[in-house]
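# Coordinate inspection notes
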Amino acid sequence: SQQGEEDPQALSIQEGENATMNCSYKTSINNLQWYRQNSGRGLVHLILIRSNEREKHSGRLRVTLDTSKKSSSLLITASRAADTASYFCATDYGNNRLAFGKGNQVVVIP
Amino acid sequence: EAQVTQNPRYLITVTGKKLTVTCSQNMNHEYMSWYRQDPGLGLRQIYYSMNVEVTDKGDVPEGYKVSRKEKRNFPLILESPSPNQTSLYFCASRRDRAGNQPQHFGDGTRLSIL
């Protein structure tokens, strides 16, 4: 099945810096979602962006969607040590299934 | 508190011994789903259910069964587990069949099949 693909796969940054990760997909989508997973825990929903939206904000998170390039980006501003986690994008193709990417490990160094 | 609860959280068992992983949600959600997470492969969907008595295969259904007799429960059954089913399993729910909704995940069940 088609899946979102995150890039880069791993990111290590200093506390206070911004972290950006990208996700690409292959065909038209209804929406794209970003999730966070702390080690050993379940996924927590961060932001859902619909196909007719271009940008969305939630606190220190900013998500963009470019449907012409079939890509999305997640920006975490002013990162904190607590932001250390894996981040997944998931694409909703409208068939009642979510296709997840392989994840992006972010380490924020205090 | 709104949550998705999986049990057990950890299980080590042997090949061929039937096991069931339970999943329960208290949000009156119609849609429920099971995923497995493996290193380098991300999350892959096993089965999903749109409502009571309605289930469908996901991307990797082989070796698994599910049932949806009640709205809140969606157990995952491994009739004859094999070592390649060693994985981290997640149950998730969503409010209804309409799109543009996030999924709520349980904390996961780590299965080891020896």
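Look above for the structure.
The shown structure was predicted, so the numbers you read here are calculated from the model rather than taken from an experiment. (Residues numbered from 1 in each chain as written. Chains lettered and ligands numbered in written order. Predicted model: local features only at pLDDT ≥ 70, side-chain atom pairs only at ≥ 80, totals over all residues. Heavy atoms only, no water.)

All names here are of chain A. With six of seven residues buried, strand E4 (residues 31-37) lies mostly within the body of the structure. In the sheet, E4 pairs with strand E5 (residues 43-50) via seven bridges, with the strands oriented antiparallel. When the bridges of E5 are listed, Trp-34 appears paired with Ile-47. Here E4 folds back onto E5 in antiparallel fashion, the turn holding five residues, of which Gly-40 has a positive phi close to 75°. Where E4 meets strand E9 (residues 85-92), seven bridges bridge the pair, whose relative direction is antiparallel. The residue bridging Asn-31 from the neighbouring strand is Asp-92, located in E9. (Buried < 20%, exposed > 50% of the residue type's maximum accessible area, 1.4 Å probe, protein only. Helix = DSSP H or I, 4+ residues; strand = E, 2+ residues; numbered from the N terminus. Pairing = 2+ DSSP bridges.)

Bringing the interface of chain B and chain A into the picture now. Contact residues are listed per partner, giving 27 residues for chain B and 23 residues for chain A. Counting the surface lost from both chain B and chain A, the interface buries some 1,900 Å², and carbon and sulfur atoms represent 45% of this. By the criterion of area lost to chain A, the three top residues of chain B are Leu-43, Asn-100 and Phe-105 of chain B, representing 29% of everything that side buries. Our enumeration of links across chain B and chain A arrives at two salt bridges. Its salt-bridge partner being Asp-107 of chain B, residue Arg-41 of chain A comes within 3.2 Å of it at the nearest N-O pair. Inspection of the region where chain B meets chain A yields seven residue pairs in polar contact (both at pLDDT 80 or more). (Contact = heavy atoms within 4.5 Å. Buried area = accessible area lost by both parts, 1.4 Å probe. Salt bridge = Lys/Arg side-chain N within 4 Å of Asp/Glu carboxyl O. Polar contact = N/O pair within 3.5 Å; in protein donor to acceptor, adjacent residues only side chain to side chain.)

For the rest of this paragraph, the subject is a nonpolar patch on the surface. Residues Ile-12, Val-14 and Leu-114 of chain B make up a contiguous nonpolar surface patch of about 330 Å² in total accessible area. Take Ile-12 of chain B: it is sitting in strand E2 (residues 10-13). (Patch = residues over 30% accessible without salt bridge, like charges linked within 9 Å, V, L, I, M, F, W, Y side chains within 5 Å. Areas by Shrake-Rupley, 256 points an atom, 1.4 Å probe, with all protein chains shown as cover.)

Okay, the pairing of strand E9 (residues 87-94) of chain B next. Residue and element names in this part refer to chain B. Taking burial as the measure, the eight residues of E9 include eight buried ones, the bulk of the element. Sheet topology places E9 next to strand E11 (residues 109-113); three bridges connect them, and they run antiparallel. Bridge pairing links Ser-87 to Leu-111 in E11. In terms of strand pairing, E9 meets strand E10 (residues 104-105) through two bridges, oriented antiparallel. The partner of Ser-93 across the bridge, within E10, is His-104.

Moving on: the pattern of salt bridges. Within the structure shown, the criterion is met by nine salt bridges over all chains. Between Lys-56 of chain A and Glu-53 of chain A there is a salt bridge whose closest N-O contact spans 3.8 Å. The closest approach of N and O atoms between Lys-18 of chain B and Glu-79 of chain B, which form a salt bridge, is 3.9 Å. Remark: Glu-79 of chain B occurs in the loop between strand E8 (76-78) and E9 and Lys-18 of chain B occurs in the loop between E2 and strand E3 (19-25); sequence separation between them is 61 residues. One network of salt bridges, with partners in common, ties together Lys-18, Lys-65 and Glu-79 of chain B.

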